[in-house]
Every structure is written in structure tokens, then in C-alpha cells.
Amino acid sequence: MSTRSVQRKISTHESLGVTLLLIGVALSYLLLFLGLPLATVFVEAFKKGWELYLSALMEPDAWAAIKLTLIAAGIAVPANLVFGVAAAWAIAKFEFKGKSLLITLIDLPFAVSPVVSGLVYVLLFGAQGWFGHWLQAHDIRLIFAVPGIVLATIFVTFPFIARELIPLMQSQGKEEEEAAVSLGASGWQTFWRVTLPNIKWGLLYGVILCNARAMGEFGAVSVVSGHIRGLTNTMPLHVEILYNEYNFVAAFAVASLLALLALLTLVIKSLVEWQAKRSGEPLH
Amino acid sequence: MSITIENLNKQFGSYKALDNINLEVNSGELLALLGPSGCGKTSLLRIIGGLELADSGKLLFHGEDVEQRDARERNVGFVFQHYALFRHMSVFENVAFGLRVKPKKERHNEAEIKRRVHELLNLVQLDWLHDRYPAQLSGGQRQRIALARALAVEPKILLLDEPFGALDAQVRKELRRWLRRLHDELHITSIFVTHDQEEALEVADRVVVMNKGKIEQIGTPDEVYAAPATPFVYQFIGNVNLFHSRDHAPWTQQHGDAVAYVRPHDIEISQLAQDNTSLPVEVKLVRAIGSIVRVEVAVDGSSEFIEIELSRERFDTAPLTNGDKAFIRPRQFRVFETGVQNELSAA
Amino acid sequence: MSRFRAHSVLPSFNLALGFTLLYLSLIVLIPLSALFFKTATLGWGGFWDVITGDRVVASLRVTFLTSFIAALINAFFGLIVAWVLVRYTFPGKRIVDALVDLPFALPTAVAGITLAALYAPNGWMGQYFAAHDIKVAYTPTGIVVALTFIGLPFVVRTVQPVLADVEAEVEEAAASLGAGRWAVFSRVIFPAIYPALLTGFALAFARAIGEYGSVIFIAGNMPYISEIAPLLIVAKLEQYDYAGATAIAVVMLLLSFALLLALNALQWWTSRRGAR
């Protein structure tokens, strides 16, 4: 193992023994809390062989769960993308009163327990909720139905993209946009040709993290879903049901798909970080 | 305390930072390591301070080998270009740091620490800032605090790495004089690294000119300016005009492929040729700068400019204007054969 | 234009800010305000009765205690991980570095069932503990394990950049003044990174308090012993006790806000003192 301090003794470095000890402790800790769980997902999923694994995934309820997960993320991510860009544009490129309050409010969903995130929509749209009677009268179901799941997903992933873009666009200032406008560019032209190319890596970074959370959210979605098999179960909820039925192989099979998604997210995230560094667009 | 360096080498990968360095630093002197960036001067300073290790060679303090002693045991004060003050400590605590980390049995009591820190802060004339934090100080003040901090442990040797490099011109000039006075007061063997020739010549007792990991010349400021040992020193310290033997054979005479080095103020210019070595030129630009007048001339048929400096009185006795024809002749020069560092002649 | 905003030549401010405020209100502010209106229907006395109920108090205690312990574990080991990732090079470092973010990317339910399987008495890890008569899964210890997993990246990711920013010169200065390696760490490096360490700790703590998915599978969920507050909210909800669920949610929210506020105050204080 080559380390910086395996030269001769300089007092600005630790001794070799301390270095190795620290590396050992760090790696053991990560192995215990990250490596082992990750391995467990796949070991449990393949415990009874390929066939059971595949059949667990081919089941119609599993398919329905995958489809619903894709729908929820497919709506939540673009919605929060549009919001993130609009919020970052207003906050980073203009000076106005109450800006720091606005930034704090955007961060709010991060401070709220996922369960509470689901709860607030039940309070609004549930049978006893503010709009409960009106919705029932018009025969519209939001809670224990797909719209509720989408809303809860939007809520928990709300800050991801805005949070990534605001500091990035603030650090870039507005000189380039002002130059574009002074050269006769319209608002859209300025945004598409000047702003967007400057923030593309940060944007992608936010989208990836937002998507991972959207597809993996459990607590908030669990509260509004009603757990109706084949109808209002997302993949994480499906995992829960299978697990509670002691159908471990099937539960871990679906879980392994989510774990693969997580790994893919990490790979893309590292690539984006690397690209951003190369192109000199600092992520935070 | 004297420092002896023998056959010191240091390599970073394939890059030779120090190539067989030999140097004797006398006790109590103020020595400048002067050279362009990347010449190895900082590496040499860091090796003396124990912040880096040499690949081979000897390093002696007062005749004693210190190679195996690490930085904290060398009793060396180190002042960094960017001050390296501890951001989370007040000025007082910064200066007291070295006293507080001493082993228990050598440590002074709180009252004594307090007394000594204030004494040092008074020495650098900043005692009134003792409860400020580094972020609240100007660059010049920070560097003086850094110096006080280094002096707190009563080092036998003081090492300063580009101590004024990050300061603006006015402050730099002030601090330079101040460092010289301080050294005259304390007489600690001091070495400072700089790439600024003016700084080295003004402050140091002796100057070591370095280039590409080698020492080019060691001498007093006067010696390195008036009698440069190599073409590099000639060009690095002060301005110089180069005359190649191909074009200006009369000066370089019989020496084949050689170059004559002439300082701008060592060239005489007149309307008449004084002898057959005089070179006909055309005056291209005349500019008075304070007490001197700088005249740029070009040899007929050449696009290269030659710089000449005259005192204002001398210029006024025979004023020149652009386009005038004139003759120049070196008063004093040195010839180096191309590729060989060999002094051949001086008029 | 009024004094509300400074003049700018850039377009679409009204559109962008208007949309931002509308979306923020619809998705976040109005739903969250429902929480407080619903709680208000309980009245002060009713609210007090709910949140001082034995089971609620026990669940809050379990939640905050396990979260605190997990955040402490992460503060200690996270600091070591950050140190190792910044200061040393070893084979596979980049992969290890990327993997630190796994808890951010892995769905909590997956983490939950995995940790439960791992630490169950017949699991890979659980069997060693069982051999010494220690139960991890289905006890508060299991909750700590899950919350440690969830909070792992926070300390590492907040400390890493700050540690990388500590100038080598500063350490060298301390060494040349006679400080040993431990003195350099404790007197020079640690003071520089401890605000970040505290921030990471608070973030991990706050995240753990609200955590639900990864905990419920491994906790055992025994009332008074291993039942966390978010689970109690769900339980009340399933009994259609909306007001009771909301009251617990409000208490959790207020406690989290207090934490966040303290965090911001801390950051403000340290940035004022330690500014370059």
C-alpha cells in the first residue's frame, strides 16, 4: 500500500503505523456499513437461483410497481427541473428583498420527515381533509391513488435541483447574460445559448440525485399509497409487502433492481463530477 | 549558528530540484537565495528547515549533522510566503503557540509566556493588535506577526520563504528596511528566498544566485552586480546588452563564437567615432526617467535595440534626438564564449 | 419599478419569481400549513395530552436518543474516513470515495430489509452477536445501525472539502515551532475542521430523526422500547386519528427546526470568526 508518508520521517506526516491504522479503521467501517449491506442485497436475491429471481421480477404486480415508479419519477423530476431552473434564475440573477428567506423555504422539505411529507397531503385531500368532501362529491381520488403518490414524490424531491443550481448560478454571476442581452439576444436565446451551457453539469447532477430519491422514496409514498397491490404500489412499497409476507427472495429481487439503480446513480454522479471538474464548472 | 551544506541533491521524479549544492552560511549573517521560480531556492530552504528531506548530501548546523532531526527539533524559525497564521487563534495565541507546545518540563508558566509574547509583539510594533484575528489584519501586519511567531521559540536560525512576495510594492519596501534593522538588532543567522533582485541586493549581506538547481554565484550584493560570474547572473541581475561576435567582431575580438555582455550604463555614446571599435548606430528613442536618460539605439541594418543609460548631466552636454546618427563604445564589458562560462576580457 | 428589486437588464424576473412562489406555495407551504391548522383543532389542552402521552414520549425519546448515538458514531468514524480520503492514496480510493454516497442513492426500504437480514440472529453479522447473546435486530441497537447507515455520508462530505483546504504551510509552521504530530492535529487542524464536523453531525442527526423506511424493518417496533416517532404517526394515521398524528408531526417539526436554527447560528458564528 503506497501512502504519502511512507517516505522517511517528516514531522508534517503521520508515521506509517498510524497511517495504516487509520486506513484500516476507515475501510473496515465502510465495509461494515456499506459493503456488507450492498453484497447482502444481491446474495439474498440470488439465494434460490436465477429462475426464482427472474420469475419474481416477471410477476404482474412487480411490473405494475415498476411502471408506477417510472410514472411518479417521470412527472416529479421534470416538474422540479422546471421549478429549479426558474427559482435559480430569479435568485441568482436578480437582487430582491426576502431572497434568503426564499432560499430557506426551498430547503424546507429536507427538514421534514418523509412520513410528515405524506401526512400533509392526507390532511388536505384525505377523506377528513380540507378538500376531502369536495373531492368525494366530484368523485376524484387523490389519496390512496396515483396523484397522491406523485404529489408526495414531488414534495420530497422538491429542493434537489434548485439547491444544486442556485449556488452554481450565483457563483457564475450575470455578466455573461448581460453581455448577451447587450448584443441583442432575446430572453430565450440568452438562456439557451449562454446560461444553460454554463450550468449543464450542475443541472444533470441535480437531476440524477432527484431521480434517485424519486424512485426510491418510501416513507412519504407509503403514507398516501394505501398499499393496493398492482395499483398504488411503487417498487419500494412492493419490496415492503413482499418482505412482510416472508417472500424474501422476491423482496430482495425487486430490491436488487433498486440497488442497481443506486449504483448506476453513483457511477453517473462520479462521471458528472469528473466532467464538471474538467470543464471548470464547480459543483459543490 | 553557522550552516554547512555539502553535495546536497534533491530530485522530484525526473526533475532535479537541487544539483550538488555546496554552501557555507556564516553565523549571524543575512543571506539571500535569489533566482527565478523553479530554480530550487525554496526546496533548499525547506530542506534546511526540515520540511523536506534531501536525497543525498550533508547538512550541518554549527558542525553538527542535523539530517536525522525533524523540523520540530531543529530550532529553526520558518516564515512562509502566505504567512500560514492559524486562522482560529488570536494574534496573541499565534505568537504563543510555539511556547505552549513545548514539552511540559521546558514549558514556561502563563505569566512568563504572556511577558514574552508581548515583548515580541512590541518588537514587531504590533502589540496593540494582540486580541485581533488574522483575518482582521493587513498583509504587512500578518507577515510581521508570522515573524514574531517564528521568533518566539528563540530559533538559532531564521528561514524566510518569499516573505514579502504577497505584499504590494509600497509595503514590501517598508518591510524590507524593517527586516534589515531587525536583523541588525538580533543577529540571528537568517536565510531568505526571493525572486526579486532589488530585494536581495538591498537587504542581504551576501547573495546566492541560483538557476536550475545549481548555484551560479555567491557573493556580496556588490560583487554579484558588478562582477557577475556567469551569463545567467549578468542577465538575471540588472539590465544587460548582448553583442554577438558574429555581428560585433571588434569587441569580442579573436574569440570565435562568443558574446559580450555590457550594462546599459557602461556604454558611451557620442556623435563622433572615437576609434575603430566604435559602432555606428541610429537613435530610435530617447526617454528621460527621473535622474537618468534612457536612449535606445539600433545598429545600422539591424532590428535589435541596444539600451543605453546616461546621467542627466552627461546627456545634457550632448543632447540626442530620435533619428540622430551616433557612435557607441563599451566602457566595460565581459565576453563569454557561447556555452562556456569563461570570462575572457574586460576593458 | 418599486424598491422591491434592483434594476436589471435581464428578462423574465417576474415570470421566474412568480412561478417559483406559486409552485412553492402549492407544493410545500399550503400543505405544511395544514399541519398547523389541523393541530389547532385539538386545542392547547388536547395537543398537550397527545404529546405527553406515555407512548408518544417514549417514541420521541427512542427517536432522539438513537439518532444522537448514530450521529456521534458517524462523527467519529466519518472524520477518520474523510481524513483517509483526503490525506492518503491507496488502490481503489476513487471507488471507495464514490461508494460513500451509497446511502443517499439507495432507497431506504432496501437498506431497511438488507440491514434486517444482515443483523437478524441468523444473518451474516447477527450470528456473531447472537453467539455472545447480543441482539441487534429488533432492538434499539438495530435502530442505531440503520440510522448510522443513513447518516454516513453527511460528516464525510462536509469535512472532506474543509480538510482539503487546510494549507500544508500552516501544518509546517506548527511543526517548525516545535509541535508534534498530535499537537498539530489537536491545536491546528481540528479547530479548523470542527465547525464542518459539527455541521455534518447536525445534518446526520436531523436526517436520522425523520428517518422511517430503513428503521421499521430492523426496529421490531415494540411500543415503549423500539418504536420511533415517525412510525407512531403512521400508526395513528391508520387508526384515522389525524389530529393525534399531526400533533406528533408538529413536535418533531419544531424540534428539527430548532436544530436547524442552531446549525445556522453556528455557521454564522464560525464564518464570522474564521473568515479569511
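Everything numeric in this text was worked out from a predicted model, so none of it was measured. (Residues numbered from 1 in each chain as written. Chains lettered and ligands numbered in written order. Predicted model: local features only at pLDDT ≥ 70, side-chain atom pairs only at ≥ 80, totals over all residues. Heavy atoms only, no water.)

Chemist: So what exactly am I meant to see when it comes to the interface of chain C and chain A here?
Modeler: When the parts of a complex come together, some accessible area is lost, and that lost area is often used as the size of the interface. The interface is formed by 91 residues belonging to chain C together with 91 residues belonging to chain A. Here chain C packs against chain A, burying approximately 8000 Å² in sum over the two surfaces, 80% of which is carbon and sulfur. Where chain C packs against chain A, one counts two salt bridges. At the junction of chain C with chain A, the criterion picks out eight residue pairs in polar contact (both at pLDDT 80 or more). (Contact = heavy atoms within 4.5 Å. Buried area = accessible area lost by both parts, 1.4 Å probe. Salt bridge = Lys/Arg side-chain N within 4 Å of Asp/Glu carboxyl O. Polar contact = N/O pair within 3.5 Å; in protein donor to acceptor, adjacent residues only side chain to side chain.)

Chemist: Would you explain the interface of chain B and chain C in this entry?
Modeler: Contacts between the two partners involve 25 residues from chain B and, on the opposite side, 21 residues from chain C. Between chain B and chain C we count two salt bridges in total. The interface formed by chain B and chain C includes three residue pairs in polar contact (both at pLDDT 80 or more). Counting residues per element, the side of chain B that touches chain C draws most heavily on helix α2 (residues 91-100) of chain B, at three residues. Among the residues forming the side of chain B that touches chain C, the class breakdown is 16 nonpolar, four polar and five charged. (Helix = DSSP H or I, 4+ residues; strand = E, 2+ residues; numbered from the N terminus. Nonpolar A, V, L, I, M, F, W, Y, C, P; charged D, E, K, R; others polar.)

Chemist: For this particular structure, what's the right way to read the nonpolar core?
Modeler: A general tendency of soluble globular proteins is for nonpolar side chains to be buried together. Formed by 226 residues in total, the largest nonpolar core has its most connected members in Ile106(A), Leu44(B) and Leu35(C). In terms of residue count, the dominant contributor to this core is helix α3 (residues 60-93) of chain A (16 residues). What Ile106(A) contacts, discounting residues up to four positions off in sequence, is Phe83(A), Ala87(A), Ile91(A), Phe158(A), Pro159(A), Ala162(A), Ile166(A) and Leu24(C). (Core = buried A, V, L, I, M, F, W, Y, C linked by side-chain atoms within 4.5 Å. Buried < 20%, exposed > 50% of the residue type's maximum accessible area, 1.4 Å probe, protein only.)

Chemist: Any chance you could explain the environment of Val153(B) here in plain terms?
Modeler: With respect to the secondary-structure elements, Val153(B) resides in the loop between α4 (139-152) and β7 (157-161). In this structure, the C-alpha to C-alpha distance between Val153(B) and Ala96(B), residues 57 residues apart in sequence, is 8.9 Å. Apart from residues lying up to four places away in sequence, Val153(B) is in contact with Asn75(B), Gly98(B), Leu99(B) and Leu177(C).

Chemist: Help me understand the packing of aromatic side chains in this model?
Modeler: Each aromatic ring pair is characterised by the separation of its centres together with the angle its planes make. If you walk through the whole model with that rule in mind, you get 46 aromatic pairs over all chains. Where Trp89(A) meets Phe191(A), the ring centres are 6.2 Å apart and the plane angle is 80 degrees; that geometry is what we call edge-to-face. Remark: Phe191(A) occurs in helix α10 (residues 187-216) and Trp89(A) occurs in helix α3; sequence separation between them is 102 residues. As far as the burial class goes, Trp89(A) and Phe191(A) line up, both buried. Ring plane angle 25 degrees and centroid distance 6.2 Å describe the contact between Phe190(C) and Tyr194(C), whose orientation is recorded as stacked. Taken together, the residues Phe190(C) and Tyr194(C), both in helix α10 (residues 181-210) and four residues apart, mark about one turn of the helix. (Phe/Tyr/Trp six-rings, centres within 6.5 Å; stacked < 30°, edge-to-face > 60°.)

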